[in-house]
Every structure is written in C-alpha cells, then in structure tokens.
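# What the coordinates show
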Amino acid sequence: MWPHIGLRRARRANTEGQQALASGHLDVAERGFTAALKQVGDKAVRRPSPDSPATEIAAAASLGLGRVCLARDDLRAADLRFGQVQRLRPARADGFYWAGCTAAHAADFARAEWFFGAALERDAGLGRAYLQRAQVRARLGREDLALTDLAAADRCGALDGRARLLTAALLLRHRQWAAAESFAAAAGAEQPVAAAIRGIAAHEQGRVAAAFEAYQHAIAGGCRPDVVLLRHGLAGYQLRRFTASVDSWTALRDRHPRRDALVRLAATAHHARAEQRAARSDFAGAIEDVQAARSAVPSGELDAAIPELNLHAAARALASGDRERARAHLVASGDPRASRYLGLLSLLDRESADAERHWRAVLDRTPSDPQARLGLALCALHQGRPDEAALAELSGPDVPDRVRRPAAHALAAWHVRQHRWSAAVDALAAIPEDDPWRAQVLPECLYRSGRDAELHGLPDNPWQALARVRAGAPDDDTAAAAGDQRVRRERDLLLRDGALAAAARAEWDQAASLLHRAAAAGRDSPEPSEALLYGMGGHRSEAIEWLAAAARRAPADARVGHALALMLLHTLSAPDLAPPPAASWSTCIAVWTSVLCHETFWEEWRQRAQRRYDRSVTPAMVESLRTRLRDLVEHRASAAGVDEAPFILRREQDAARLLGELGGLPLPSNGDRLVCGPVRIAELGLHREFGWFVVALRDAECFEDLLRQFSRVGLAEARLATGRAAEALTLAMDLRCGSCGAGAARPDRAKPPLVCAADCPEFDRHNPAYAGLADKHEELRARGTEVVTEALLDLARAAITRAETDIAEAARCWREAAGHGARLGVRAEVLRIVVDTAVGRAEALSRKKNWTGAIDVLDAARTVVGSGAPAEAERLIAQLASLLTTRGIDAVNKDRGNARAAHADLTRALRLAPQLIRARRNLGLLLRIMAHDRLEARDFLEAVQLLSESVQQFDRALADKPGHPELREERETAWSELQALVRALGGR
C-alpha cells in the first residue's frame, strides 16, 4: 500500500510542476519536480528500470527540471538534467531533443545537429525536431539540408509562421521566387518580413506594382533593411512614384553617407520628382527637389532651371492670392524679369518705396517701358504727390490699352478723391464706354459737377432722378430710392436739408413730411433733432420710437435722453391726444430721472446758459431747476390719474442716486457710465449687464441697497417710506409680474412673499439687480420678507397709536412679523422692536395716566414675545408689574371701594416681579385697609386673615430689604393690630 501512495504523490507533484512550467512560474515548477524526484527516491535514478513507473516519473521530473534550467539560461545544469533523462529513457526522443535545444542556445550548432538527429532516429515523426535542426543547419550554412528538414516538418504538420518565414527566406536565396512568395504569404499577410520577401519575389518575377505595395507594407511595419529600401525606391521609380523613391533612397543615403552611388541615386529620384512636379504646376516643390539634386549633378547643369521655376511658382502663388509666397519666389529667382512683378506686389501692399525701387530697376533696363512708368506714377499717387501730367500722358490714345485704362482709372479716382468732379469727368473720357467702373462713376461725377445736361444724356440712372429732385421736383424721388448706398445717402441728405430749411421757416408739417419720406426710404437712424422736428410736425409716435431707438444705441447720451423725455412729457400731458403705444408715464418718469441725475449734462447746460444770457448761473440755480422739473413730472403724472407716479419717481430717484454714487453702470458698447433707475435699465435691455455689475459688488456695503432699489421691492419701500405701510405690505407680499400673478393664488401675510416662476422670462426685467444671482428667486423672496416685516411692524405701531387702538390687530401684526423674522434669522431683533414699540407706547399712555391702555399694550406684546427672547420678556414684565402696581395704588387712592381690583393688580404684579418692593409694600398696606373694612363689617375671621397676609407681605419685603425703617414700622403696626384683634377675639 505504501509504494502505491508514494507514486501517486510523485505523479501529482509532476503534474503540478508541468502546469506551473506552462504558466511561467519557474520556482513553483522546480518545487514540484523536485518533490516528484524525492517521492520516487534516488534508487529510481541510480538503477533505472525500463518498465518501472518510478523510472518513468523520475525521467519526467528530470526533464521538467532541465526545462526550468533552460528557461533560466542555466545551460550547464540543463544539459546535465537532459543527459540524466537520456540515461533513464534512452529509447525516447525527448531527452535528446531538449539536449539539442540546450546546445543551440549555447551556439554549439554541430552538437545541437547531432542531438536533433538522435531524437529523430528515435521518433521520425517529431516535427519540431526537424524545425530545430533546419534552423541549426541554416546557421551552419547547410541550406539544402535545412530545406529538406523544413519539407519534412511540413509533412509532419509542424510548420508555424516563423518556420514558413525561414523557408521563404531560404527559397529566396535559392532564387525560387514563386515558392518563396507562396511560403511568405502563408506566414501571414501582416508580417512585415513576409511582406518584404513577397515584394522581392514579385519584383524578380516582373510584377512591379505588387512588389511596390508589398514593400510599402513592410516599411510601414518597421522592416527597413537596405535591400528593402533599395528595392522600394527602384519599384517606385519604375512606377513613376518618385516620392517613394526619394524617401527610401534618401533614408538609405543617410544611413551610408559616404557611398557616392547612393548619393547619386537619391539625386536621381529628386530630379525625376522635380520634373513631375513641374509638369503638375507644383513649382515650389520642384524647386525644392532641384536644389536637393544639385549636390550630385555636375556644376551649373541645373542652375538655369531654378530661376524659371521660381517665376512659375510666383505666378502660381499670385493666382491663389498668396502674395508673401509669390514675393519669396520672385526674390529667390534672381531674374531681372522679377522686378516688374515685385513692383506690382509692393504697390498692392502699399509699400510705395519698395515698389518705386523695383520700377526704377525696370526703367534702368528699358527707359521707355510704359508699365514701369505707370508703376512709378501709381507710387507717387499712393505717396500723396501725384504726377498728374504723367498719368494724363499715359491715358493718351497712343498708349497700349493695358496701360491706358488703369492710368485713366487712377487719374479719375484721384480727381474724385479731391472732389474735382469736372476733372474726373474729363479723365473718364479716356476710358472706353463699355468699362463697368466708368459706367458706375460717370453719372455721379456729372451730378456733383452740376453738368446735368450731360447727365440726362446718359442711359437712365438714379442720379438723374436726384438731379431733378435737386432742381425742385420733390415728387420725383422714387427712382432715387432704388439706387445704391451712395445714391440713397445723397437723397437722404437732400430730404434732410429740405426738412431743416422748412423747420427754419417754422413749416413743421413740411419738415415732418420730408423726414417721413426719408424714413420711408429706409433711413432708420435719424438724428435726435430730426426726431424732434418729426414730433413737432404731428408725428409724435414715430418721433418717440426714433428717440427711443437712439437712446438704446447710446443709453448714456443725455442729449438724446433729454429729447425723449421732453417728447414723452408733452405727448402724455396733451389732454386731447391719445398716447402712443411706446409712451407710458413709467417710461417718462424713468427717462426724466436718468436725465435729472446726469451731472455732466447739467453742468454743460449751466455753462451754455451762462454764455447765452451773459450772466452767472450758479449750481444752486441749476439744482432748483432740476427740483422744479422733478415736481413738474410728478404733478403732470398725478394729474393724468397715475396714482403710482410719486412712488415710481421716488424709487427711480433713490435707485439712480445709489447707482450714481457707484459711478454708474459701465456700458458694454463704449465704456460710458449710465445713471438711472430700474425701469430705465429694463427698457434699455441692460438688465443682464446690470445683474453682473451687482454680482461684482456682492461684498460692498451697498449690495443690499442695490437688491432692494433695483427690484419690485423698491416700489414697496417707496410706499413704506411715505407712511403707506398697508400698501407697502400688499406690494411686498406679491412680487410677481403680471403674467405670473394673473389668476394665481392670493398672498398670505403669514407666509413668505410670492415671486415669479423659476422660468419666468420677465423676472430679470422687473428685478435687474438679481439677474446675475444663481438663487435670484429666493434672494428676492428674502428682501421682500424684510419689507413685509417692516410693514407689519409699522402697521402694529399705527394700530396702537391711533385714537381708537386695535390691540388685537397690533398683536396679529407683531406675531406675523416675528414669524417672518424667524425665516430671516432675525427673530430676536424683531422682538426687540416689538418690545421697544410696546414699552414706548405704554410710557406715552402712562404719562396720560391711561394705565389700562398701557397694560393692554404690554400684555399684547407679551403674548408675542413669550419666552423666545428672555431679555425682552424681562423688560416687558418689569414695565407691566410697575404699571399694575401704579394702577392698583391709584385705584384705591381714588376710592377704597376699588380695593378688590387694586388687590388683584398688586397680586399680579408680584407674580410677575416678586422682587418688586413697591408692589409688596403697597399690597401689605392694602391688606390692612381691607382688614379694617372687614372689622367694620364685623367679619373678624376675614380681618384676621387679611392682617396675617399683611404681616407676611411685610416680612417678605424685609427679607429682600432687611432693616428698612418704613417697612419695619409698617410691619410692627400690622403685627400689633393682628395681636390686638386676636386678644380681643380670645377674650370673647
């Protein structure tokens, strides 16, 4: 039983070793094979038996250990292990095969060949032994025998990709092209070496295109030996794919720089590609190739080609619009002909000095060259010193047309630029009538030179219609409106001049009519003065629209704003005129506010007034005028039935004043600063810019004021500031725009204010200060809550201070204000205000000896404060206890019949403030008085009880203030009366 278990463990150890070896874990494999040998023992190794399982296991373990040593490059140890396998299993091939592999690794190819032969003698079907011996024989130069072994391996089905590559390479060396190509193809289409072999084989068989593609694949895969580069360049040259030849032969030349043949070969490829590129009009590339080929070509043989190629390349670059490249080729050519083109390029680039230098170089060679003379004349024209005589001479009939026409063009254009219209007409006479530029320019030149007769002799054109308009035919302007921009501009100027002339004669309707015709022709940006003329002529709606558009283009231009403000004020104030859609009192107030806050405008106005009236105009006078204008706007708006006008005006003024202190809103268009209120910001479409402006001031002291004033909250604050707390509360509770508030839920005073929906497109316009805030809706709600809180506190103050106080309403307002304060995190501050208000009112009522009213106010405040603010609650309690004491004393002093009510007040005062000595002392005195009353009523027991309580009150007072003489005396009196009464009752 024991040997059987040992063999099983040895086999398992062998199996584990083989698995570890297969996965590359050499240490694990070594331990497994060593354990297997240990299990079978040394006897199995020293005395092998062919039929012994132990010998078989020992041979397998030794073979595994030998392979481990071979993998570690420990060739000596591996050879010993494989020799041991040969002794254990001399009839088996594996020991000899692996010994051959070890010899091959040691480069002992002759010994390796013997071992592989010995392995094949024992196993003729061992294909891998044929492969290994083939490689060894190839190394030994026995290529025929190697091919024989490879054929045998192929018969055994043992050829892999590497073996097929070796076969293909050996067949290639034996010039067996077809067989080599076949084996290389079988080795794998993606193998770069296989592609190289296929390329050489195909090339040798005359299939140049196939060879070229194979070379391309081989080189792309990194197979770049000399023979492949050489043959790749040759195949490319044969196929006229010279770029491939240049690349491969240049790489080969750089690899062997001292081999002249390779230098000439690369030059040949460059020369061939230069001819090909020149044929394709790639002259720049051809120049590069010629220059690269010059090093291997006899001196001077290619020198003449480079200037010609540069000229062609320059022409090509000019045709594509690349002036810089054209200039570079012209300079590089060194050809005298290049000066003409360089002069033209310099002239086009407005480099007159360079152009003049090039043209003079041409004239030095050919003094009468008309093109060079024209070039010099154009240079002088560009430099502002025109040679009109030369241009006129070059415009003569004897000069070639290619020079005459541009000379006449230049001369006429110069006259036009100098506004010499008649001279321009004469210069244009040298240009043929079919010239498009002449046909375009001549009518305007005739019109501006006043040669109307010649103008009307031309074919129909818009300038003829303008000439008729200028001559007094105002109805003939339709044709002029169809002209180009210059025609329309001239017509517009004619109409404007006519309108201004009519205005000077106070013919407002005529002026407005002319301006209306100018607008109908597409003029959309009239001057503010023209818009005013338009309004004076009765077209107020259009005038307001024009001025509003001008104000949007230049928001900070107070001149435009002033014109718009005047037009809005007079239009809206007219009793018999319906206001246009673009006009509203809120817009009027907003524009006037912006104008009234524009300090530069009023300073300039003051200076103009001083010059006009020749008297001193002080800043105080200007400020008085601004105040009266402000009052006028408010009065006109209120007279028109706009109840909100004072509040809109106040909010716009406060907001504009705040923005003015910050220097104004920087405008994105020109950097000017705009000072205005939120309505104007929204109407100008600047709410987003203003939002980002406010975001940048988040850490500034004015941030909160900006958020309030430049939003709907500002309207509520304006009412709050004028004592309209109820209206302020209504506005602050509902901050929604008209669209979001239509048909929606009504606001609740106890809940947070209502704001627009998150996706409301009007939110930023109504609240521009919030446009840049991420949580803008909640921020607005918070500011609205602040105003709601303030309004509720004001309403509560009003409820307790009016003639008919409403304590319940005050308490409700205080309670709601405290709730909103809690949401804002300022409940303690709100309660402090509640207490201050209640205490202040109580003191005022106390001065009038209205004790009950004062106590009611303080009781109402206590219900709101509760225990949430201990310090404020203590203030209320102290004041309330004092008032209760005073009311109790006053009541009993007036009438002893009020003793019970006085007793209740004093008792409550002591419950609220037990430390109040005044209340305790007076309660003791009151109890004595009440005891005397009970004695008179012969209620002796009640009297005793009251006197006892009186003594107790004095005792407690003395405990707080020991030694107080008055308290001690009053206590003794009460005690004596109590003792006397008790004795009297005891005698009975």
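Scroll up for the structure.
This is a predicted model, so every value here is computed, not measured. (Residues numbered from 1 in each chain as written. Predicted model: local features only at pLDDT ≥ 70, side-chain atom pairs only at ≥ 80, totals over all residues. Heavy atoms only, no water.)

### Side note on the overall build of the protein chain
- Along its length, the protein chain carries 54 helices and two strands.
- Within the protein chain, the fraction of its 988 residues that count as buried is 46%.
- By sequence separation, contacts in the protein chain at least 24 residues apart represent 52% of the contacts at least 6 residues apart.
- Taken as a whole, the protein chain presents about 49400 Å² of accessible surface, with 50% of it coming from carbon and sulfur. (Helix = DSSP H or I, 4+ residues; strand = E, 2+ residues; numbered from the N terminus. Buried < 20%, exposed > 50% of the residue type's maximum accessible area, 1.4 Å probe, protein only. Contact = heavy atoms within 4.5 Å. Areas by Shrake-Rupley, 256 points an atom, 1.4 Å probe, with all protein chains shown as cover.)

### Some thoughts on the nonpolar core
- Among the nonpolar cores identified, the biggest contains 106 residues, and F690 and W814 are the most heavily contacted of them.
- Ranked by the residues each element gives to this core, the list is headed by helix 46 (residues 776–801), at 10 residues.
- Setting aside residues no more than four positions away along its own chain, W814 makes contact with L793, A796, I800, V834, T837, A838, V857, A860, A861 and V864.
- Counting residues in each nonpolar core, the second largest holds 35 residues, with C101, F109, V136 and L147 among its members. (Core = buried A, V, L, I, M, F, W, Y, C linked by side-chain atoms within 4.5 Å.)

### Re helix 48 (residues 827–847)
- Here helix 48 spans 30 Å end to end across 21 residues, near enough to the 30 Å set by a 1.5 Å rise per residue.
- For helix 48, the set of buried residues is V830, L831, V834, V835, T837, A838, V839, R841, A842, A844, L845 and S846.
- For helix 48, the elements touching its buried residues are helix 46, helix 47 (807–824), helix 49 (851–865) and helix 50 (870–894).
- Positive phi appears at K849, one or two residues downstream of helix 48, with a value of about 55°. (Expected span 1.5 Å × (residues − 1).)

### A look at the packing of aromatic side chains
- What the rule picks out here adds up to seven aromatic pairs.
- Taking the centre distance of 5.2 Å and the plane angle of 85° together, the rings of F601 and W602 count as edge-to-face.
- Here F601 falls in the buried class, since its relative accessible area comes to 8%.
- Here the aromatic cluster, defined as three or more aromatic residues joined through ring pairs, consists of F82, Y97 and W98.
- In this structure, R122 is placed above the aromatic ring of F96, and the distance from its NZ or CZ to the ring centre is 3.8 Å.
- Sitting over the ring of W421, R448 keeps its end group 5.5 Å from the ring centre. (Phe/Tyr/Trp six-rings, centres within 6.5 Å; stacked < 30°, edge-to-face > 60°. Lys NZ or Arg CZ within 6 Å of the ring centre and 35° of its normal.)

### A word on the environment of C702
- Residue position: C702 is located in the loop between helix 40 (687–695) and helix 41 (703–709).
- Judged by its relative accessible area of 12%, C702 is buried.
- Along the backbone, C702 and L658 are 44 residues apart, and their C-alpha atoms lie at a distance of 8.0 Å.
- Beyond its immediate chain neighbours, meaning those up to four positions away, C702 contacts L658 and L662.

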